[in-house]
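Breakdown of the fold
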Amino acid sequence: MSDLALAPLATTAPAKSRWRVVRAVAAKEWLELFRDRRLVWLCAFVVALMLAALAFGYVENARILRERDSAARADRELWVGQSAKNPHAAAHFGQYAFKPLSPLALADPGVDAYVGSAVWLEAHKQNETQFKQARDGGVGARLGSLSLAFILQTIAPLIVILMGFASFSGERESGTLKQLLSVGARPRDILAGKAMALIGAIFALLAPAFFGAALALVFFVDRERLSLADQFLRLAALGAAYAAYLAGFAFLALGVSALARNSRAALVTLLAFWLANSFLAPRLATDAARAFAPTPTWQDFRARIAQDKAKTFGHDESHPAFVAFRDETLKKYGVSRVEDLPVSFRGLSLRKDDEAGYAIFDRHFGALQSAFDRQDALRAAPGFLFPLLALRPISMAFAGVDSRSQFDFATAAEAHRRDIQNQVSDNIIHFAHDKQYVAGPELWRKIASFAYRAPGAVFALGYSALPIIGLLAWLALACAFALFAARRLRPV
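Per an unreviewed UniProt entry, the recorded name for the chain is DUF3526 domain-containing protein, and the organism is Methylocystis rosea.

Pasting the structure below:
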């Protein structure tokens, strides 16, 4: 500040002098933040909390990964350990497809706890994912757990508010703002200096958490299943999103501080917005999304599928669709009896019925996911005003734990189920010459185990356009508001 007092600036000061003002204001602001031991200790506590959340996430995810790998091996042993039996009976015996854990779930667990971790693959039926952690975790788990994402989304903005609410109002109350303006410093230069200091503090707050997350990725990522470079790309995208989110709060705090009559009024206003953004807006947005884009209950969903499946013949040999398919097949092969066919008609009918079911499942599960997509879009729409609504879907998408990632896994699991059905049906078609036909363990071993490779960061980017636009709009609006407030800056 002494530099400014010794060298008054003309109102038309050149860019070099204005940059000197910006740097001086930033240095003074940074020094004051550092001298406030309460803020320093609070920031240190938050950093420790973030690192503890990361460590907890690492340990918890490592445990879950071990359990799923162990369960997948045991399930594979059960599958290949089947005795000789009819291949269709083996398809009914079924197997599980376990969802690999996304490494960045250690930072943002997303929807994983609510959507299940495994799909039961069986003949004739596409199942939903099972084993939902939230269902088994009691009330505490349903209310959410301490995660890095929760701290950055909810607690970090509060820290930014506490650092910035008195930036202008405090200087006005102490009289230093009047001195600063009297030497010719432009309000926008003062704003730039204070913003530089606050954003620098934000980066200092984020750096330990993201460095810790990067270190955890190095140890956690299975290089045979996932690309470490892709995980770092996802982490960089998360860092940019959280930086934009918190920088918006910095500009908002500066703008409110510039317009408020005093520091108390600025703090109360900012805390009211923080409460609305953190707790009120997500609840209201979720209720509105459910109202405007409703999803069916589980019972209704299954009833609609059953209604469509009733039009296929299944195992009912008296069903009109079965009779029509039999007559069509006999005509195709130029024979009059099923017994005269060169292949197994039972295998053909099983494959035909499965193919009819695939179209039904695709239509219903696709419609359900479309409803979830509409809900996600409705929730994210007000993200330019309440940035948590824009940040959450971005965070979950790049952490690989959003509804789209879940749908991609479920689609891959269903593709594996269909591959099993096709292989057992083909085996019956070509080798089953009578109803007593059985296949041996060589067929069970021939059917590969489920292997899922999660899509890359581009996949997350493709489904995050709306929330990304909302988050950038939030940052732009907060910047514009701070500039507007700086132009109306009053020295007293």
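As a further point, take the packing of aromatic side chains. Inspection of every chain in the model, using the stated rule, returns 20 aromatic pairs. Here Phe 249 and Phe 273 contribute two aromatic rings whose centre-to-centre distance is 5.9 Å and whose plane-to-plane angle is 55 degrees, an arrangement assigned as tilted. Of the two residues, Phe 249 is situated in helix α12 (residues 228-259) and Phe 273 in helix α13 (residues 263-292); the sequence distance between them amounts to 24 residues. This pair shows no difference in class: Phe 249 is buried, exactly as Phe 273 is. Ring geometry for Trp 274 versus Phe 279: centroids 5.7 Å apart, planes at 90 degrees, classification edge-to-face. Among the residues examined, Trp 274 registers a relative accessible area of 13% and is labelled buried. Site record: aromatic cluster; members linked through ring pairs are Tyr 245, Phe 249, Phe 273, Phe 386 and Trp 474. A cation over an aromatic ring shows up here: Arg 37 above the ring of Phe 34, its NZ or CZ 5.3 Å from the ring centre. One residue, Lys 85, lies across the ring of Phe 93, its end atom 4.8 Å from the ring centre.

Inspection of the entire model under this criterion finds 24 salt bridges. Note that Glu 29 and Lys 194 form a salt bridge whose closest N and O atoms lie 2.7 Å from each other. Residue Glu 29 is located in helix α2 (residues 15-35), and its partner Lys 194 is located in helix α11 (residues 187-220); the two are separated by 165 residues in the primary sequence. Pair check on accessibility: Glu 29 and Lys 194 agree, each one buried. For Arg 351, the salt bridge identified is with Asp 426, shortest N-O distance 3.0 Å. Highlighted residues: Arg 351 in helix α16 (residues 345-380) and Asp 426 in helix α18 (residues 403-431), separated in sequence by 75 residues. When salt bridges that share partners are traced, they join Lys 28, Glu 29, Glu 32, Glu 171 and Lys 194 into one network.

Bridging between strand β1 (residues 95-98) and strand β2 (residues 118-121) involves 4 bridges; their strand directions are antiparallel. Residue Ala 97 lies in a different strand from β2, and its bridge partner there is Val 119. Both β2 and strand β3 (residues 129-130) contribute to a ladder of 2 bridges, which runs antiparallel. Its bridge partner lying in β3, Ala 118 is registered against Gln 130.

The rules we used
- Residues numbered from 1 in each chain as written.
- Predicted model: local features only at pLDDT ≥ 70, side-chain atom pairs only at ≥ 80, totals over all residues.
- Heavy atoms only, no water.
- Phe/Tyr/Trp six-rings, centres within 6.5 Å; stacked < 30°, edge-to-face > 60°.
- Helix = DSSP H or I, 4+ residues; strand = E, 2+ residues; numbered from the N terminus.
- Buried < 20%, exposed > 50% of the residue type's maximum accessible area, 1.4 Å probe, protein only.
- Lys NZ or Arg CZ within 6 Å of the ring centre and 35° of its normal.
- Salt bridge = Lys/Arg side-chain N within 4 Å of Asp/Glu carboxyl O.
- Pairing = 2+ DSSP bridges.

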